[in-house]
Amino acid sequence: MLNETNLGLIFLSAFVVNNILLIRFLGLCSFFGLSNNVKSSIGMGMAVIFVTVMACSISWAVYTYLLIPFKVEYLRTVTFIFTIASFVQFEEIIIKKYIPALYKAFGIYLPLITTNCTILAAAFLGIDYRFSFIQNLVFTLGISAGYCFVIVLFASMRERIDVSPIPAGFKGVPIALISAGLMSLAFLGFKGLFKL
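In this report, the structure presented in the accompanying data block is examined. Bear in mind the structure is a predicted one, so any value in this text is a computation, not a measurement. (Residues numbered from 1 in each chain as written. Predicted model: local features only at pLDDT ≥ 70, side-chain atom pairs only at ≥ 80, totals over all residues. Heavy atoms only, no water.)

1. Looking at the overall build of the chain
Helix and strand content of the chain: 8 helices and 0 strands. For the chain, the N- to C-terminal ordering of α and β elements is α-α-α-α-α-α-α-α. Here the C-alpha radius of gyration of the chain, 18 Å, is about what a compact globule of 196 residues would show, namely 16 Å. Put simply, the chain has 196 residues, and 46% of those count as buried. Long-range contacts, defined as pairs at least 24 residues apart, comprise 78% of the intrachain contacts of the chain with a sequence gap of at least 6. Looking at the chain as shown, the accessible area adds up to about 10,100 Å², and 72% of this sits on carbon and sulfur atoms. When the 13 positive and 7 negative side-chain charges of the chain are each reduced to one mean point, those points stand 4 Å apart. (Helix = DSSP H or I, 4+ residues; strand = E, 2+ residues; numbered from the N terminus. Rg over C-alpha atoms; globule rule 2.2 N^0.38 Å. Buried < 20%, exposed > 50% of the residue type's maximum accessible area, 1.4 Å probe, protein only. Contact = heavy atoms within 4.5 Å. Areas by Shrake-Rupley, 256 points an atom, 1.4 Å probe, with all protein chains shown as cover. Lys, Arg positive; Asp, Glu negative; His and termini not counted. Charge placed at Lys NZ, Arg CZ, Asp CG, Glu CD.)

In structure tokens:
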């Protein structure tokens, strides 16, 4: 088990070594759906960072201080989903009011953050790894920052690919899948550097 002095390793493991998109293959719906444009990808990445860090921190506290003492750990899935949904609704209201262009760019994908398995996985993994609150905070920040980094990187690649001379049969989804696969192979090179 890692102690508090290894927070950098926890962050790097979540950010690169066990990247939630390219190594664990979670959250691919929004990854492919919103990676056509760098601006929307940055917005989605920031939204995921906010919801992941806040919802997972509260989920950790609820699990540790309510569910375990009352011996109702089996309610963690419902509790985590409720917490995540609450934060997404809060975030949707704020974005709709203050950044309507970003709200329009998100379309259906903003409410889908509620069911984004990236966030739910972060909540479960923080509990399953038996992290302290600070470790869980760093871990969820690493997961969500890794998500943001990869979706923005992929969006910038897709913008360049869209203006490149590609055979008609590979345009759109096929080249996106090939590109994502190559990115995943590149990130796989970091696998095994260290374990949590």
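2. Re the pattern of salt bridges
Inspection of the entire model under this criterion finds 1 salt bridge. The closest approach of N and O atoms between R76 and D128, which form a salt bridge, is 3.1 Å. Of this pair, R76 sits in helix α4 (residues 76-98) while D128 sits in helix α6 (residues 117-128), and the two are 52 residues apart along the sequence. (Salt bridge = Lys/Arg side-chain N within 4 Å of Asp/Glu carboxyl O.)

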